[in-house]
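# Structural description and commentary
Now for the letters of each chain:
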Amino acid sequence: QVQLVESGGGLVQAGGSLRLSCAQSGRTFSVYDMAWFRQAPGKEREFVAHISWSGGGTNYADSVKGRFTISRDNAKNTVYLQMNSLKPEDTAVYYCAADRSPRALATMTATYWGQGTQVTVSS
């Protein structure tokens, strides 16, 4: 069983930065592709960023490209989401997810999900 715990959320002014972390326990971290998703109030959950198991491949939603960076440290069993130039529309609960299948992450059917961390960006 894999457990995912997100941290690093909070309240920040527009233009500011936050770094989210997602720590995995329970299985070998380095075999899993990881992704971040978010869900704003009244909206559906949406994809934010994905990173391959090796860290060699990443992709981003158009809405965050150039502002957010996903990375991972396999020695620490942790994936990160560095968020810069935050906008009020980035306000959401952010979730990390893990799966050995990139397709499962792409279709939001990943096996493992964290509980989420709230990010609020004030204008």
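Anyway, here's the lowdown on the structure attached to this text. (Residues numbered from 1 in each chain as written. Predicted model: local features only at pLDDT ≥ 70, side-chain atom pairs only at ≥ 80, totals over all residues. Heavy atoms only, no water.)

### Focus on the environment of Arg-72
The line we're drawing: To qualify as a helix, a DSSP run of H or I must reach at least 4 residues; to qualify as a strand, a run of E must reach at least 2; elements of each kind are numbered from the N terminus. Working rule for contacts: check all heavy atoms of both residues, and any pair within 4.5 Å makes them a contact. Identification of polar contacts relies on pairs of N or O atoms within 3.5 Å, with a donor-acceptor requirement for protein atoms, meaning one able to donate a hydrogen and the other able to accept it, and with residues adjacent in sequence counted only if both atoms are side-chain atoms.
With respect to the helices, strands and loops of the structure, Arg-72 is situated in strand β7 (residues 68–73). Taking the C-alpha atoms as reference points, Arg-72 and Ser-21, separated by 51 residues in sequence, lie 9.2 Å from one another. When neighbours within four sequence positions are excluded, Arg-72 is seen to be in contact with Phe-29, Ser-30, Tyr-32, Asp-33, Met-34, Ile-51, Ser-52, Trp-53, Gly-55, Thr-78, Val-79 and Tyr-80. There is a polar contact of 3.1 Å between the side chain of Arg-72 and the backbone oxygen of Phe-29. Here the side chain of Arg-72 touches Asn-74 through a polar contact of 2.7 Å, side chain to side chain.

### Considerations on the pairing of strand β3 (residues 18–25)
Where we set the bar: A pair of strands is treated as paired once DSSP finds two or more bridges between them.
Both strand β1 (residues 3–7) and β3 contribute to a ladder of 5 bridges, which runs antiparallel. Counterpart to Gln-3 in the pairing with β3 is Ser-25.

### Side note on the side chain of Glu-6
Locating Glu-6 in the fold gives a position in strand β1. Within the structure, Glu-6 has its side chain in polar contact with the backbone nitrogen of Cys-96 (distance 2.9 Å). A polar side-chain atom of Glu-6 sits 3.0 Å from the main-chain amide nitrogen of Gln-115. Those residues in contact with Glu-6, other than ones at most four positions away along the chain, are Ser-21, Cys-22, Trp-36, Tyr-94, Tyr-95, Cys-96, Gly-114, Gln-115, Gly-116 and Thr-117.

### Here's the deal with the state of the cysteines
Put simply, the rule reads: Count a disulfide wherever a pair of cysteine sulfur atoms falls within 2.5 Å. Relative accessible area decides the class of each residue, using a 1.4 Å probe on protein chains only: under 20% of the type maximum gives buried, over 50% gives exposed, and in between gives partly exposed.
Taken as a whole, this structure holds 1 disulfide when the rule is applied. Through a disulfide, Cys-22 is tied to Cys-96; the S-S separation comes to 1.9 Å. Given an S-S torsion of about 50°, the disulfide between Cys-22 and Cys-96 has right-handed geometry. Taken together, the residues Cys-22 in strand β3 and Cys-96 in strand β9 (residues 92–99) connect sequence positions 74 residues apart. Comparing Cys-22 with Cys-96 shows no difference in burial state: the two are buried.

### Quick notes on the pattern of salt bridges
Heads up, the rule is: Put simply, a salt bridge is a Lys or Arg side-chain nitrogen that is within 4 Å of an Asp or Glu carboxyl oxygen.
Tallied over the full model, the rule gives 4 salt bridges. Salt-bridge contacts for Arg-38 lead to Asp-90; the nearest nitrogen and oxygen are separated by 2.9 Å. With Arg-38 in strand β4 (residues 33–39) and Asp-90 in the loop between β8 (78–83) and β9, this pair connects stretches of sequence that are 52 residues apart. We classify Arg-38 as buried; its relative accessible area is 6%. The salt bridge involving Lys-65 is made with Asp-62; its shortest N-O contact spans 3.1 Å.

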